[in-house]
Amino acid sequence: MDSRGAAAFLKDSIPIPEFSASGPFEGQDLLRRGFTSVKNELLPSHPLELSEKNFQLNQDKTNLATLRNIQGLHAPLKLQMEFRAVKQVQRLPFLHSSNMALDTLRGNDKCIGFEDILNDPSQSEVMGEPHMMMEYKLGLL
């Protein structure tokens, strides 16, 4: 399913200006970002962390290069167009989307991963008020 985890839900959250501090004395949101550490911001915590972050991108590049070598230039271009078309289809901002069409195109629909079991959207703590989130997405706020 979606390997992005909780970060995918946080991008749709709305900053409320009355409650969020800004400027040089801005407080940190510990519930969303956790404790900060200069060491964590500079270096990955494990040598494989960067590889795991870019796994899907590297796998897509390898698959497209193989497809280009086997079928020619048109096949990866067509597949990339389909990826872009599928990524544009979204639900409303306050509803979780499983991106089933994207998983089907990538071939991930037949395998059960970590995020399929432990990333249940019904148990998500990030749920905003639907009207405010839609107005924010449309630029009315």
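Residues numbered from 1 in each chain as written. Predicted model: local features only at pLDDT ≥ 70, side-chain atom pairs only at ≥ 80, totals over all residues. Heavy atoms only, no water.

Considering the environment of Pro93
To keep things clear, this is the line we draw: Counting from the N terminus, the helices are DSSP H or I runs at least four residues long and the strands are E runs at least two residues long. Relative accessibility under 20% of the residue-type maximum defines a buried residue, over 50% an exposed one, and the middle range a partly exposed one, all with a 1.4 Å probe and only protein chains included.
For Pro93, the position within the fold is in the loop between helix H6 (74-88) and helix H7 (100-106). Judged by relative accessible area, which is 13%, Pro93 ranks as buried. Placed 40 residues apart in sequence, Pro93 and Met133 show a C-alpha to C-alpha distance of 6.4 Å.

Things to note about the packing of aromatic side chains
When we look at a pair of aromatic rings, we describe it by the centre distance and by the angle of the planes. Cut-off, in case you're wondering: For this analysis, a ring pair means two rings from Phe, Tyr or Trp (six-membered ring only for Trp) whose centres lie within 6.5 Å, classed as stacked if their planes differ by under 30 degrees, edge-to-face if by over 60, and tilted for the remaining angles. Over a ring means this: the NZ of a Lys or the CZ of an Arg is within 6 Å of the ring centre and within 35 degrees of the ring normal.
Scanning all chains against the criterion turns up 0 aromatic pairs. A cation sits over an aromatic face here: Arg106 above Phe83, 5.6 Å from the ring centre.

With respect to a nonpolar patch on the surface
So the rule is basically this: To count toward a patch, a residue needs a relative accessible area over 30% and no salt bridge; like charges are then connected within 9 Å, while nonpolar side chains (Val, Leu, Ile, Met, Phe, Trp, Tyr) are connected within 5 Å. Here the accessible surface of atoms and residues is derived via Shrake-Rupley with a 1.4 Å probe, and residues count as covered only by protein chains that are part of the display. The term salt bridge refers to a side-chain nitrogen of Lys or Arg lying within 4 Å of a carboxyl oxygen of Asp or Glu.
On the surface, Ile112, Phe114, Ile117 and Leu118 cluster together to form a nonpolar patch covering roughly 540 Å² of accessible area. Within the element layout of this structure, Ile117 appears in helix H8 (residues 114-118).

Looking at the packing of helix H5 (residues 55-71) against H6
How two helices sit against one another is set out by the angle between their axes and by the gap between those axes. This is how the line gets drawn: Whenever a helix is involved, its axis is fitted only over the stretch in contact; in every case the axis is a line through C-alpha atoms, and angles between N-to-C directions fall within 0 to 180 degrees. Any angle from 65 to 115 degrees is called roughly perpendicular, while one under 35 is roughly parallel, one over 145 is roughly antiparallel, and all others are oblique. Here a residue-residue contact requires only that any non-hydrogen atoms of the pair lie within 4.5 Å. Amino acid classes used here: Ala, Val, Leu, Ile, Met, Phe, Trp, Tyr, Cys and Pro are nonpolar; Asp, Glu, Lys and Arg are charged; the rest, including Gly, are polar.
Two numbers describe how H5 lies on H6: the axes approach to 7 Å, and their chain directions differ by 140°. Between H5 and H6, the crossing angle belongs to the class labelled oblique. Every residue of H6 that contacts H5 at Leu64, Leu67, Arg68 and Gln71 is listed here: His74, Ala75, Pro76, Leu79 and Gln80. Per-class residue counts for the contact of H5 with H6 are 5 nonpolar, 3 polar and 1 charged.

Some details on H6
Worth spelling out the cut-off: Expected span of a helix, by definition, is 1.5 Å for each gap between consecutive residues, and there is one gap fewer than residues.
Relative to the 21 Å expected for 15 residues at 1.5 Å per residue, H6 spans 21 Å between its end C-alpha atoms, a close match to the ideal helical length. The elements touched by buried residues of H6 are H5 and H7.

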